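Spelled out, the chains give:
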Amino acid sequence: MMLMVDVPDELFASDAALPPVLSPDGAALDRVASVPAGPWLAVLLGCIDPRTLTEHDLALYVEACGRLENWSASLVNDAVDEWARRPHALGVAQKVAFALHEPVQTAERRIWVARTLRRLPRTRARFRCGDLPAAHVARAAQAVAHVDDLDLLDAAEQKVWRRGVRNSARELGRAFRDALGRLDPAGASERAERASAEGTDVILELGDDGMATVVAPLPVEDALTVKAAADGYAFAAKNAGDARPVGVLRGEGLARFCGEWLTGATRGLIVPASPNVSGRSQQFCDGTAGDGDDLLRGDRVGRPPTAGRRPIEIAVVIGLRTALGLDELPGEIPGHGIVPRSAVETLIARERPRLRMLIVDESSGRLLHRAQTSYRPTAAQYAHLRAAYPFSVGPGSSVLSARCDVDHTDSWPNSATRIGELVPICRPWHNAKTRREMRMRLNDDGTVTWTTATGQSRTVEPDGYRVDAPAEPRP
């Protein structure tokens, strides 16, 4: 089998003398550095052994690999764009997520970027040539997301690309925003107001080693307020003699502010009321117990928030022997990460949480089930499913189960309302299942198998609660 690709003429130019810092392979890469990337570059790079290159050659080699990666990403972008253009493209996000082994939210963003790039022809051309990484493209699309004037976009794009590719995606996004702000200051003000009303959020991103990141896109004035409060707490602790790093103290301050709100310790906090529900514009909270739905409406005052008419709980799971002090194992927040043993001891001693017993399978760690027969799941079943599946059972989904729909594995009454036939599903995957674009099966071991009409299959596993004791006890 022979692979035929269009090779640029620059690759065959051999009349120039070979510089002393370049090998023949490095000289070939240097000659085609300004040629648009394509399949010929993949063939060329596949024939080069990086171990034979000089240090100067390696820089050219890595740069060429990056251009090839950009070109390949542009092909994926074009294919996703074409997929989204076709009629009856319902469920295309789920299909893209299946094909690329990624969460459906990532696939939806990929589709959105591909659609936005239709309005940025110069940016898309640089992407296709391999000069622009996918991160730069996504940041450029984000910067022009709320601009509908094609003439304004064209003028801004010309202004941005007069300077060429920026060093980072953040710089490119800022360049687009600055260009739009200078060309249309009134529109920039309107977009800022719209972003404040629609784009404000607080997002949790899980990390490693028991860490997580809270991302909060806020209006700049609110963001500066949060930062000033965290800094003030940290500097006050430092002045009082706390030797911990300033960053640790900032995080502790934010956690304490929010924790006091959840427990009702913060009194006098003003909660805006919805004008569509209540005539009163705002209410005060004094920290007494109550229904969070009424609290958020502003109908009653002084009640800590709830979710699903249940108190908001942050569950830390530990083994019985660990709780009794017989084992020194860490705790775990299901689906989120490990909690160090020292933090567990502090929680037990200081917070005195209510301990709840979960019966789990000793071999697999899977949470065992209890049956119910009503159509609508009970509060206990909701709590059970949130514990068994911390996230949506959609393939690759990172939506917390507390924010998901609880659905039967099959249409009711074919599927009973009981643990073993109920799962939490985020709305995109729930819609795909309802439209029968995907088939879902809950297996006996608690795993959930999804299958597309074309036969692609993915399996999602429930969370495990088993914690193994160390081989030898610590002295």
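Conventions used here
- Residues numbered from 1 in each chain as written.
- Predicted model: local features only at pLDDT ≥ 70, side-chain atom pairs only at ≥ 80, totals over all residues.
- Heavy atoms only, no water.
- 1 Å grid on protein atoms, 1.4 Å probe; cavity = no way out; pocket = protein on both sides within 12 Å on 5 of 7 lines; lining within 4 Å.
- Points joined across faces, edges and corners; volume = space filled by probe spheres on them.
- Helix = DSSP H or I, 4+ residues; strand = E, 2+ residues; numbered from the N terminus.
- Nonpolar A, V, L, I, M, F, W, Y, C, P; charged D, E, K, R; others polar.
- Salt bridge = Lys/Arg side-chain N within 4 Å of Asp/Glu carboxyl O.
- Buried < 20%, exposed > 50% of the residue type's maximum accessible area, 1.4 Å probe, protein only.
- Expected span 1.5 Å × (residues − 1).
- Arc of directions from axis to C-beta.
- Contact = heavy atoms within 4.5 Å.
- Polar contact = N/O pair within 3.5 Å; in protein donor to acceptor, adjacent residues only side chain to side chain.
- Pairing = 2+ DSSP bridges.
- Patch = residues over 30% accessible without salt bridge, like charges linked within 9 Å, V, L, I, M, F, W, Y side chains within 5 Å.
- Areas by Shrake-Rupley, 256 points an atom, 1.4 Å probe, with all protein chains shown as cover.

## Topic: empty space enclosed by the protein
Alright, step 1. Using the criterion set out here, one finds one cavity of 30 Å³ or more in the structure.
Alright, step 2. In this structure, the largest cavity spans a volume of roughly 60 Å³.
Alright, step 3. In terms of lining residues, the largest cavity is bounded by Leu29, Val32, Ala33, Leu41, Leu60, Glu63, Ala64 and Arg67.
Alright, step 4. Sorting elements by how many residues they give to the lining of the largest cavity places helix α3 (residues 55-85) first, with four residues.
Alright, step 5. Looking at side-chain class alone, the lining of the largest cavity contains six nonpolar, no polar and two charged residues.

## Side note on the pattern of salt bridges
Alright, step 1. As enumerated under the stated definition, the model contains 17 salt bridges in all.
Alright, step 2. Note that glutamate 102 is salt-bridged to arginine 110, the shortest N-O span being 2.8 Å.
Alright, step 3. Residue classification places glutamate 102 among the buried residues on the basis of a relative accessible area of 10%.
Alright, step 4. Assessed through its relative accessible area of 28%, arginine 110 is described here as partly exposed.
Alright, step 5. For arginine 435, the salt bridge identified is with glutamate 437, shortest N-O distance 2.9 Å.
Alright, step 6. Arginine 435 gets classed as partly exposed once you look at its relative accessible area, which sits at 39%.
Alright, step 7. Each of Asp78, Asp81, Arg85, Arg118, Arg124 and Arg128 takes part in salt bridges that share partners, so that together they form one network.

## As for helix α8 (residues 150-161)
Alright, step 1. The terminal C-alpha atoms of α8 lie 16 Å apart, and with twelve residues this matches the ideal 16 Å at 1.5 Å per residue to within 8%.
Alright, step 2. If you check which residues of α8 are buried, you get Leu152, Leu153, Ala156, Glu157, Val160 and Trp161. Each buried residue of α8 lies within a common arc of 150° when the element is viewed along its axis, so the set occupies one face.
Alright, step 3. If you follow the buried residues of α8, they end up packed against α6 (121-129), α9 (169-183) and α10 (185-198).
Alright, step 4. Its side-chain oxygen 3.0 Å from the backbone nitrogen of aspartate 151, aspartate 149 forms the N-cap of α8.

## Remarks on the pairing of strand β12 (residues 448-452)
Alright, step 1. Burial analysis of β12 places five of its five residues in the buried class, which makes it a mostly covered element.
Alright, step 2. Burial along β12 is two-sided: Val448, Trp450 and Thr452 facing one way and Thr449 and Thr451 facing the other are all buried.
Alright, step 3. Here strand β11 (residues 438-442) pairs with β12 via five bridges, running antiparallel. Directly across from methionine 438, in β12, lies its bridge partner threonine 452.
Alright, step 4. Where β11 folds back onto β12 in an antiparallel hairpin, the turn is made up of five residues, including glycine 446, whose phi is positive at roughly 90°.

## With respect to a nonpolar patch on the surface
Alright, step 1. Taken together, the side chains of Val202, Leu204, Leu206 and Val214 define a hydrophobic patch exposed on the protein surface, amounting to about 350 Å² of accessible area.
Alright, step 2. Summarising the element assignment, leucine 204 is placed in strand β1 (residues 203-206).
Alright, step 3. Of the residues examined, leucine 204 reaches a relative accessible area of 41% and is grouped as partly exposed.

## Focus: the pairing of strand β10 (residues 422-425)
Alright, step 1. On β10, burial covers both faces: Leu422 and Pro424 on one face and Val423 and Ile425 on the other are all buried.
Alright, step 2. As paired strands, strand β9 (residues 405-408) and β10 are joined by four bridges and run antiparallel to one another. Among the inter-strand pairings, valine 406 is bridged to a residue of β10, identified as proline 424.

## Observations concerning the environment of arginine 126
Alright, step 1. Tracing the backbone through its elements, the reader meets arginine 126 in helix α6.
Alright, step 2. Exposure remark for arginine 126: the relative accessible area of 25% places this residue in the partly exposed category.
Alright, step 3. Along the sequence, arginine 126 and serine 74 sit 52 residues apart, while their C-alpha atoms lie 9.5 Å from each other.
Alright, step 4. Setting aside residues no more than four positions away along its own chain, arginine 126 makes contact with Asp131, Leu132, Trp161, Gly164 and Val165.

## Here's the deal with the environment of glycine 66
Alright, step 1. Here glycine 66 is to be found in helix α3.
Alright, step 2. When its relative accessible area of 23% is taken as the criterion, glycine 66 is described as partly exposed.
Alright, step 3. For glycine 66 and alanine 37, which are 29 residues apart along the polypeptide, the C-alpha to C-alpha distance reads 9.9 Å.

## Here's the deal with the side chain of asparagine 77
Alright, step 1. As for its placement among the helices and strands, asparagine 77 is situated in helix α3.
Alright, step 2. Those residues in contact with asparagine 77 that lie beyond four places of it in its chain are Val113, Ala114, Leu117, Arg124 and Phe127.

Shape descriptors only; they carry no functional weight alone.
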